[in-house]
Amino acid sequence: MAKQLSSLVKVCVCGMMVLAGAVSCEKMNVEDDGGDAQANVKLRVGSIERIPFELSRTRGRDVNGVCSRLNFLVYQGGERIRQVSQTSEDDGFGYTQIQLSEGRYFLVVLAHSSSGNPTSTDAQKIGFTNTTGFTDTFFYADSLIVAEEDVARTLELKRITAMVRFVPYDDIPANAGRIRFYYTGGSGTLNAAGDGWGVVNSKQSQWYNLTHDEEQFDIYTIPHGDDDLLTVTATTYKGETDEISTERKVEGIPVLRNHITICRGYLFSPVNQMNYEITVDDRWSTDSLYFDF
């Protein structure tokens, strides 16, 4: 039935042209579903740009174990016309089939572990929220042309996030039950038509319930480019109350896509006791950036 893959898939160089291009087929307004039993577009997540954020792990490229959610998003003329969402508990996680009329589309696929799906009606502003959480996030976007014959595509997703890891030298206060990391300078919203860079100056936060066995705390953001600097305020609260136990503000933390910024210092002590040592760790090359303040 199907001919060679090269005759089935035609790639447009510019995703923005697809979003703004003319509509050549009937539009569908199908929201969230699990895919079509009979379909002419078949998509499979084949690999993920996966350098481990844990030293003990080896490089993994399978979607299983890397993320807990997938979003397959199809746009036409700037409008989202199809959305298929999956969780790691679903059968066939990482594979979907979609029925589309002949025409030109823009395809976006996201892999993440947030507690919910991002807002995605606008491909240029796909947003995660403080409520659903910010996690390691991977991305694929390209044009998709559907003709008479079936389309089959195996996808490789790229990481779009940066991670900041706090490694405190001091002990967590005995009366602290929760810690909140509030940070600005990055983004929780990406432009899928612009290579996945951040497009909003977000006010992001990450909460941790404390067991007093924690040795590190990780937060994620989507950089706007290669020169973003985060300002992070770490606040601990007494027990389950809103009464503040300690608060520490750290400014000028560099973040880069595909990099881990490691911050070591006294997180729960007065600011004048000790400065932080900040290292940007790039597991993909031998380059490291050291930042003292």
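Residues numbered from 1 in each chain as written. Predicted model: local features only at pLDDT ≥ 70, side-chain atom pairs only at ≥ 80, totals over all residues. Heavy atoms only, no water.

### So, the nonpolar core
With 39 residues, the main nonpolar core has Val108, Phe166, Phe181, Leu190 and Phe217 as its most contacted residues. Secondary-structure elements contributing two or more residues to this core are strand S3 (69-76), strand S6 (103-112), strand S10 (162-168), strand S11 (176-184), strand S14 (217-221), strand S15 (228-238), strand S16 (244-255) and strand S17 (260-265). Within the second largest apolar cluster, 26 residues are counted, among which are Val41, Leu43, Val66 and Cys67. (Core = buried A, V, L, I, M, F, W, Y, C linked by side-chain atoms within 4.5 Å. Buried < 20%, exposed > 50% of the residue type's maximum accessible area, 1.4 Å probe, protein only. Helix = DSSP H or I, 4+ residues; strand = E, 2+ residues; numbered from the N terminus.)

### Let's talk about the sheet that holds strand S13 (residues 203-209)
Taken together, the four strands give an open sheet; going across it, the order is S13-S11-S15-S16, and neighbouring strands pair in antiparallel fashion. Unpaired on one side and paired on the other, S13 and S16 mark the two borders of the sheet. When strand polarity is set aside, the average angle formed by the axes of neighbouring strands in this sheet is 15°. In the sheet, S15 pairs with S16 via nine bridges, with the strands oriented antiparallel. (Pairing = 2+ DSSP bridges. Axes fitted to C-alpha atoms, helices over the stretch in contact; angles between N-to-C directions.)

### Section: the packing of aromatic side chains
A complete count under the given rule lists six aromatic pairs for this structure. Considering the side-chain rings of Phe181 and Tyr208, the 6.2 Å spacing of their centres and the 90° angle between planes classify their relative orientation as edge-to-face. Separated by 27 residues along the polypeptide, Phe181 in strand S11 and Tyr208 in strand S13 bring together distant segments of the chain. With relative accessibility at 0%, the residue Phe181 sits in the buried group. Classification of Tyr208 by relative accessible area gives partly exposed; the value is 24%. Summarising the aromatic geometry, the rings of Tyr208 and Phe217 are spaced 5.3 Å apart at their centres and angled 70° between planes, so their arrangement reads as edge-to-face. By relative accessible area, Phe217 is classed as buried at 0%. Among the aromatic residues, those joined into a cluster by ring pairs are Phe166, Phe181, Tyr208 and Phe217. When the ring centre of Tyr237 is taken as reference, the NZ or CZ atom of Arg178 above it lies at 5.2 Å. The ring centre of Trp197 lies 3.8 Å from the NZ or CZ of Arg257, which sits over that ring. (Phe/Tyr/Trp six-rings, centres within 6.5 Å; stacked < 30°, edge-to-face > 60°. Lys NZ or Arg CZ within 6 Å of the ring centre and 35° of its normal.)

### Some thoughts on the pattern of salt bridges
Scanning the entire structure with this criterion turns up six salt bridges. For the salt bridge of Arg257 with Asp195, the shortest nitrogen-to-oxygen distance reads 4.0 Å. With Arg257 in the loop between S16 and S17 and Asp195 in the loop between strand S12 (189-190) and S13, this residue pair connects regions lying 62 residues apart in the sequence. Residue Arg257 is classed as buried on the basis of its relative accessible area of 16%. The salt bridge involving Lys238 is made with Glu243; its shortest N-O contact spans 3.0 Å. Looking at Lys238, the relative accessible area reads 29%, which means it is partly exposed. Judged by its relative accessible area of 44%, Glu243 falls in the partly exposed class. (Salt bridge = Lys/Arg side-chain N within 4 Å of Asp/Glu carboxyl O.)

### Thoughts on the environment of Arg264
For Arg264, the position within the fold is in strand S17. The class of Arg264 is partly exposed, set by a relative accessible area of 30%. Through-space distance from the C-alpha of Arg264 to that of Pro168 is 5.7 Å; in sequence the pair is 96 residues apart.

### What to know about the side chain of Asn71
Turning to its location among the elements, Asn71 is positioned in strand S3. We classify Asn71 as buried; its relative accessible area is 0%. Among the polar contacts made by the side chain of Asn71, one reaches the side chain of His112 at a distance of 2.7 Å. A polar atom in the side chain of Asn71 sits 2.9 Å from the side chain of Asn117. In this view, Asn71 contacts Val84, Ser85, Val108, Val109, Leu110, His112, Asn117 and Pro118; residues no more than four positions away in its chain are not counted. (Polar contact = N/O pair within 3.5 Å; in protein donor to acceptor, adjacent residues only side chain to side chain. Contact = heavy atoms within 4.5 Å.)

### Description of the confidence of the model for the protein chain
This prediction gives the protein chain a mean pLDDT of 81; 75% of its residues lie at or above 70. For the stretch residues 1-31, pLDDT sits under 50, and the model shows 63 contacts to residues farther than four places along the chain or on other chains. This model gives residues 52-60 a pLDDT under 50, and the stretch forms 18 contacts once residues within four places in sequence are excluded. (pLDDT = per-residue confidence, 0-100.)

### Overview of unusual backbone geometry
Even without being glycine, Asp195 reaches a positive phi, approximately 70°. Unusually for a residue other than glycine, Asn258 sits at a positive phi of about 70°.

### Observations concerning the environment of Asp90
Position of Asp90 relative to the elements: it lies in the loop between strand S4 (79-87) and strand S5 (95-98). Asp90 gets classed as partly exposed once you look at its relative accessible area, which sits at 35%. Asp90 sits 21 residues away from Arg69 along the chain, and the two C-alpha atoms are 9.7 Å apart. There is a polar contact of 2.8 Å between the side chain of Asp90 and the backbone nitrogen of Thr87.

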